[in-house]
Amino acid sequence: MLWVLCVAVSAIACTFIVRYGRYAGRRYALNMPQRFHAGHVPRLGGLGMLAGCSFGWLWGTWAERWFAIPAGLGLTGRVALGWFLTCALAAGAGLAEDLTHRLHAKWRLGLTVVAGGLAVLLLDLNISRLGIPLVDAWWAATPWPGLLLAVFAIAGLPHAFNLIDGYNGLAGTVAVICCAAIAYVSLLHGDRQLAALVVVTAGATIGFLLWNYPHGLIFAGDGGAYLWGVVIAMACIALVDRHPDVSPFFPVLLLIYPVWETLFSIWRKLARGQSPGMADALHFHQLIYRRIVRSVIEDDEARRMLMRNNRTSPYLWGFALLTVLPAVLFWNRTPALLAFTLLFIASYVWAYVSIVRFKVPRWLQG
């Protein structure tokens, strides 16, 4: 029942933000390329989810310690400090941008790097193997690459989730699906602590989604995306590190959609002579909105935009499930995971080029 409490706390927090936080939405410029909604909507959903997660993690720890209610969390000492500091720092960086819209991307990246360093230092996180026999012997003998890769993963995934957070329910549902997959594999190994950590995150996200989809009354903002990214990154690293039979390519395939979207976006902008940090409207989900989702006949412009916005997300939910399902089925089989990863990359590039060249099959347009 812990996740139900997290849903309730997050939903209540988002209720107050929707009611009293609209002033914050006025700071978001009308000419932003990522803007696909009408009116001023607060981008503070991350604050509501952080409240839900904090309540869930604290209650899960205190309930077991003080009331003998088994929750499976057991966060104590340095582990609790590391988990809360990392999440608070990453989400705080995003929330600062959501409130002011003046925190430069370099500062946000720097703060998530610091958060990654704290996680590695306080939680002893390390990517100790790659699942490739020819490389693993050298990798295990040299600890620094694994530590640096762990910091890079924790610092980078929040920005990957922020990149796909463009339409109502898109990134939030992907985060819930990923948390469910991690919880499933964790429970297969009897790791109730790790499962409880991500279930709490999923519950807080569902509470946010009650207001976000389909009505779009609140957005996750950078704070929400950073919270999703850092929690899921730490959970994936811990899962692979704790259980040797879990392939390191399980989280790779599980998260390949936001990760590849980010890498492809960086390459695309560099190829055009642009800065990777420059915002544009050429991401995969934005092309689907513009060229696949059909126009809605509606007199009110705001409602027409909202309905098209809501129709975009299910395309990407299905696309994400194409990676999550094989990741869950083949969580311990590196060759299969690698094959599905390469298949997704090829499918993504083919789909992106097809949309750009207006060669999308008619049955996909709706």
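What you see is a predicted model, and the numbers here were worked out from it, not measured in a lab.

A. Structural context of the packing of helix α5 (residues 105-123) against helix α10 (residues 221-242). α10 packs onto α5 with a crossing angle of 30° between their chain directions and a minimal axis gap of 12 Å. When the axis of α5 is compared with that of α10, the two are roughly parallel. Once α5 is placed against α10, the crossing between them reads as right-handed. Here α5 contributes Arg108, Thr112, Ala119 and Leu123 to the contact with α10, which in turn contributes Asp222, Tyr226 and Met234.

B. Quick look at the environment of Arg268. Summarising the element assignment, Arg268 is placed in helix α12 (residues 256-271). Once the C-alpha coordinates of Arg268 and Leu282 are considered, the two residues, 14 residues apart in sequence, prove to be 9.4 Å apart.

C. Representation of the pattern of salt bridges. For the structure on display, the rule yields 3 salt bridges. With its nearest N and O atoms 3.8 Å apart, the salt bridge here joins Arg43 to Asp222. With Arg43 in the loop between α2 (22-25) and α3 (45-66) and Asp222 in helix α10, this pair connects stretches of sequence that are 179 residues apart. A salt bridge links Arg242 to Asp191; its shortest N-O distance comes to 2.9 Å. In this pair, Arg242 is assigned in helix α10 and Asp191 in the loop between α8 (170-188) and α9 (192-212), connecting sequence segments 51 residues apart. If you follow the salt bridges from partner to partner, you end up with Arg43, Arg108 and Asp222 in one network.

D. The arrangement of the state of the cysteines in detail. Taken as a whole and judged by the stated rule, the model has 0 disulfides. Cys178 takes part in no disulfide bond, and the closest cysteine sulfur to it belongs to Cys179, at a distance of 7.1 Å.

E. Representation of the confidence of the model for the chain in the model. Taken over all residues, the pLDDT of the chain has a mean of 86, while the share at 70 or more is 88%. Here α2 stands out as the element of the chain with the lowest mean pLDDT, 64, in contrast to helix α11 (residues 249-254), whose mean of 97 is the highest.

F. Local environment of a nonpolar patch on the surface. A contiguous nonpolar surface patch, about 400 Å² in accessible area, is contributed by Met1, Trp3, Val4 and Val199. Inspection of the secondary structure puts Val199 in helix α9. When its relative accessible area of 31% is taken as the criterion, Val199 is described as partly exposed.

G. Molecular detail of the packing of α8 against α10. Across the interface, α8 lies against α10 with an axial gap of 11 Å and an inter-helix angle of 20°. With respect to each other, α8 and α10 are oriented roughly parallel. α8 and α10 meet at a crossing whose hand is left-handed. Here α8 contributes Ala171, Gly172, Ala175, Cys178, Cys179, Ile182, Val185 and Ser186 to the contact with α10, which in turn contributes Trp228, Ile232, Ala235, Cys236 and Leu239.

Basis of the calculations
- Residues numbered from 1 in each chain as written.
- Predicted model: local features only at pLDDT ≥ 70, side-chain atom pairs only at ≥ 80, totals over all residues.
- Heavy atoms only, no water.
- Axes fitted to C-alpha atoms, helices over the stretch in contact; angles between N-to-C directions.
- Helix = DSSP H or I, 4+ residues; strand = E, 2+ residues; numbered from the N terminus.
- Parallel < 35°, antiparallel > 145°, perpendicular 65-115°, else oblique.
- Left-handed = near helix turned anticlockwise from the far one by under 90°.
- Contact = heavy atoms within 4.5 Å.
- Salt bridge = Lys/Arg side-chain N within 4 Å of Asp/Glu carboxyl O.
- Disulfide = S-S within 2.5 Å.
- pLDDT = per-residue confidence, 0-100.
- Patch = residues over 30% accessible without salt bridge, like charges linked within 9 Å, V, L, I, M, F, W, Y side chains within 5 Å.
- Areas by Shrake-Rupley, 256 points an atom, 1.4 Å probe, with all protein chains shown as cover.
- Buried < 20%, exposed > 50% of the residue type's maximum accessible area, 1.4 Å probe, protein only.

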